[in-house]
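# Report on the structure
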Amino acid sequence: MSLVVMKFGGSSVADAEKIKRVASRVMERRKKGDKVVVVVSAPGDMTDDLEAMAEKITDNPHEREMDMLLATGEQVSIALLSMAINHHGMEAVSFTGPQAGFFADLSHTRARIKHIRPVKVMKALAKGQIVIVAGFQALNAKRDIVTLGRGGSDLSAVALAVAVKADVCEIYTDVKGVYTTDPRIVPEARKITQISYDEMLELAGAGAQVMQARSIEVGKKYAMPIHVRSTFSHETGTMIRTEVSNMEEVVVSGVAYDKNQAKITIRNVPDRPGVAAKMFGALADKGVNVDMIIQSSPIQGHNDISFTVPGASSKKTMAVLEKQQKSLGAKGIVCTEHMAKVSVVGVGMRSHPGVAAKFFKALADGKINIDMISTSEIKVACVVKQSDGEKAVRLAHKAFKLHVAKSKGQRAKRNP
Ligand code: ADP
Ligand code: ASP
Ligand code: MG
């Protein structure tokens with residue numbers, strides 16, 4: 001008998017029929033004798049719809065109230081799923097994040113989990129009940145409800161799996177696993193059989209929506225095996241796990257795409273200590289997530305600093321910097337919207353040179369101009385115009401032959 005955490009994303013619980021299918025899947029597992037904890041997201045696009053509704057009321061909602069609003073979506077799913085299971089005579093009980101023992105820090109809309117005390121969850125499991133927990137939400141020290149950032153139900157699931165000492169955390173979604181790239185952009189993308197936490201972390205951080213990046217950090221820290229698989233089939237999906245030596249045979253595992261970035265350039269700032277600290281400090285205080293940063297070499301004691309932010313943060317970023325412009329001594333601030341980031345990721349890059357050159361050549365052959373470049377030990381990322389983004393993904397995917405079945409010992413399996 002195992003203890004399993006099964007997480008179902010919004011698309012898996014989008015309507016009554018889908019909720020009934022999820023209920024059958026969960027009951028099937030319980031009937032096999034496993035103990036089951038289920039984590040669910042809000043149905044379909046409910047979180048987006050709630051956000052849109054708030055925008056119609058005000059363009060500057062208090063973050064506390066935003067959390068109160070967004071947390072309601074998951075509560076709809078837990079109650080309905082629990083009812084669907086109870087309807088078949090099996091015992092299920094639903095808990096909100098706070099009832100399940102999720103405690104987080106004081107930040108709203110992207111709170112960090114501090115600890116989980118799953119007392120009610122463990123008691124219900126001991127009674128043989130199926131436990132259904134709302135993802136994405138927690139309680140803070142002021143006893144207010146907070147949410148964990150978009151896609152945060154993945155984090156709830158992995159963290160709860162660690163807290164209840166589950167054998168595995170299964171992430172059920174609308175694709176059959178983690179693919180070599182988003183199958184919506186490249187239909188020939190292949191399902192990856194196994195991938196290291198580090199690669200998945202880079203892919204997720206670079207925009208691969210299938211897993212939320214912070215959930216992978218937690219999975220890695222506690223070595224929790226994560227199985228990403230389809231809600232609608234029983235096929236084995238992708239195992240995210242500790243790196244093993246044969247993983248390095250694959251130079252590039254996947255291509256990630258972040259379709260909405262903005263590039264901000266601060267022109268002609270004095271080249272002296274403290275300028276970058278002041279600028280990025282002010283942005284961090286306002287919760288702006290800065291991604292790629294490039295500083296030009298100084299000319300006559302001045303340089304340009306460019307960086308990227310998520311497209312949705314561009315207005316906030318400009319507002320913060322415009323206030324700072326005078327004290328920074330900058331000559332101007334320019335925002336270029338509609339940029340995209342394409343990243344190639346793979347642990348094999350550590351031992352195989354030439355990945356960056358091959359990636360750049362693929363883009364050059366497609367006449368795509370690269371605006372910014374950044375690298376890590378296992379990633380090369382390029383910022384390009386949004387209108388070139390999907391083409392760049394396809395070219396990179398082809399250049400690294402990710403559509404071709406790998407030989408024995410390697411990991412990609414054909415996208416069925
Ligand atoms: P859920 O609602 O289950 O949380 P998400 O929409 O958050 O699902 O994530 C699943 C989606 O992620 C897929 O439908 C797919 O289009 C997208 N995706 C992006 N990159 C990848 C990738 N490398 N592998 C699989 N899916 C990906
Ligand atoms: N419902 C939340 C969101 O859409 C959390 C999640 O789905 O993981 O971001
Ligand atoms: Mg998701």
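Residues numbered from 1 in each chain as written. Chains lettered and ligands numbered in written order. Predicted model: local features only at pLDDT ≥ 70, side-chain atom pairs only at ≥ 80, totals over all residues. Heavy atoms only, no water.

### Here we look at the sheet that holds strand β11 (residues 194-196)
Pairing in this open sheet of eight strands is mixed, and the strands run β3-β6-β2-β1-β9-β12-β13-β11 from one edge to the other. Edge positions in the sheet fall to β3 (92-95) and β11, since each of these pairs with one other strand and no more. If you compare each strand with its neighbour and ignore which way they point, the axes differ by 20° on average. The pairing of strand β9 (residues 168-173) with strand β12 (residues 226-230) spans five bridges and is parallel. Following the sheet pairing, Cys 169 is matched in β12 by Ile 226. Running over the sheet, helix α7 (residues 197-205) touches β11, β12 and β13 (238-241) and is turned about 80° from β11. (Pairing = 2+ DSSP bridges. Helix = DSSP H or I, 4+ residues; strand = E, 2+ residues; numbered from the N terminus. Axes fitted to C-alpha atoms, helices over the stretch in contact; angles between N-to-C directions. Contact = heavy atoms within 4.5 Å.)

### Some points on the side chain of His 397
Take His 397: it is sitting in helix α12 (residues 386-399). The buried category is assigned to His 397, whose relative accessible area is 2%. With near-sequence residues (within four places) excluded, His 397 lies in contact with Thr 180, Thr 181, Val 186, Glu 188, Ala 189, Val 255, Leu 402 and His 403. (Buried < 20%, exposed > 50% of the residue type's maximum accessible area, 1.4 Å probe, protein only.)

### Some thoughts on the pattern of salt bridges
Taken as a whole, this structure holds 21 salt bridges when the rule is applied. The structure contains a network of salt bridges with shared partners spanning Arg 29, Asp 34, Glu 170 and Arg 229. (Salt bridge = Lys/Arg side-chain N within 4 Å of Asp/Glu carboxyl O.)

### Brief notes about the environment of Val 275
Counting through the fold element by element, Val 275 comes out in helix α9 (residues 275-285). Between the C-alpha atom of Val 275 and that of Gly 329, which follows or precedes it by 54 residues, the distance is 9.1 Å.

### Re the sheet that holds strand β15 (residues 293-295)
Read across the open sheet, the six strands follow the order β15-β16-β14-β17-β19-β18; overall the sheet is antiparallel. Since the sheet does not close on itself, it has two edges, and those belong to β15 and β18 (372-376), each with one partner. Between one strand axis and the next, the sheet turns by 25° as a mean value, whatever way the strands run. Contacts from helix α11 (residues 355-365) reach β17 (332-345), β18 and β19 (379-385) within the one sheet, and its direction differs from that of β19 by about 20°. In this fold α12 packs onto β14 (254-270), β17 and β19, with an angle of close to 130° to the strand it touches most, β14.

### Quick word on the site of ligand 1
In the vicinity of ligand 1 there are 17 residues, among which Thr 173, Asp 174, Tyr 179, Asp 182 and Arg 184 approach most closely. In the model, an oxygen atom of ligand 1 is placed 3.3 Å from a nitrogen or oxygen of the Lys 7 side chain. Between ligand 1 and the protein, one listed contact pairs an oxygen atom with a backbone N or O atom of Gly 10 at 3.2 Å. Burial of ligand 1 by the surrounding chains reaches 89%, relative to a free accessible area of 570 Å². A per-class count over the shell around ligand 1 returns six nonpolar, seven polar and four charged. (Near = heavy atom within 4 Å. Polar contact = N/O pair within 3.5 Å; in protein donor to acceptor, adjacent residues only side chain to side chain. Areas by Shrake-Rupley, 256 points an atom, 1.4 Å probe, with all protein chains shown as cover. Nonpolar A, V, L, I, M, F, W, Y, C, P; charged D, E, K, R; others polar.)

### Quick word on a nonpolar patch on the surface
Nonpolar side chains collect at one region of the surface, where Val 76, Leu 80 and Met 83 lie side by side and expose about 250 Å² of accessible area between them. Along the chain, the position of Met 83 falls in helix α3 (residues 63-87). (Patch = residues over 30% accessible without salt bridge, like charges linked within 9 Å, V, L, I, M, F, W, Y side chains within 5 Å.)

### Observations concerning the packing of aromatic side chains
If you walk through the whole model with that rule in mind, you get three aromatic pairs. Judged by centre distance (4.7 Å) and plane angle (15°), the rings of Phe 8 and Tyr 172 are stacked. Pair noted here: Phe 8 is in strand β1 (residues 3-8) and Tyr 172 is in strand β9, with a separation of 164 residues, a long-range link. Taken together, a centroid distance of 5.1 Å and an interplanar angle of 70° make the contact between Phe 280 and Phe 307 edge-to-face. Of this pair, Phe 280 sits in helix α9 while Phe 307 sits in strand β16 (residues 302-310), and the two are 27 residues apart along the sequence. For the pair formed by Phe 280 and Phe 307, the shared burial category is buried. (Phe/Tyr/Trp six-rings, centres within 6.5 Å; stacked < 30°, edge-to-face > 60°.)

### Points about the packing of helix α1 (residues 16-31) against α3
Contact geometry of α1 with α3 gives a least axis separation of 9 Å together with a crossing angle of 60°. If you check the angle between α1 and α3, you find them oblique. Pair α1 / α3 crosses with right-handed handedness. Two secondary-structure elements touch here, α1 through Ile 19, Val 22, Ala 23, Val 26 and Met 27 and α3 through Leu 80, Leu 81, Ala 84 and Ile 85. Here the residues of the contact of α1 with α3 are counted per class, giving nine nonpolar, no polar and no charged. (Parallel < 35°, antiparallel > 145°, perpendicular 65-115°, else oblique. Left-handed = near helix turned anticlockwise from the far one by under 90°.)

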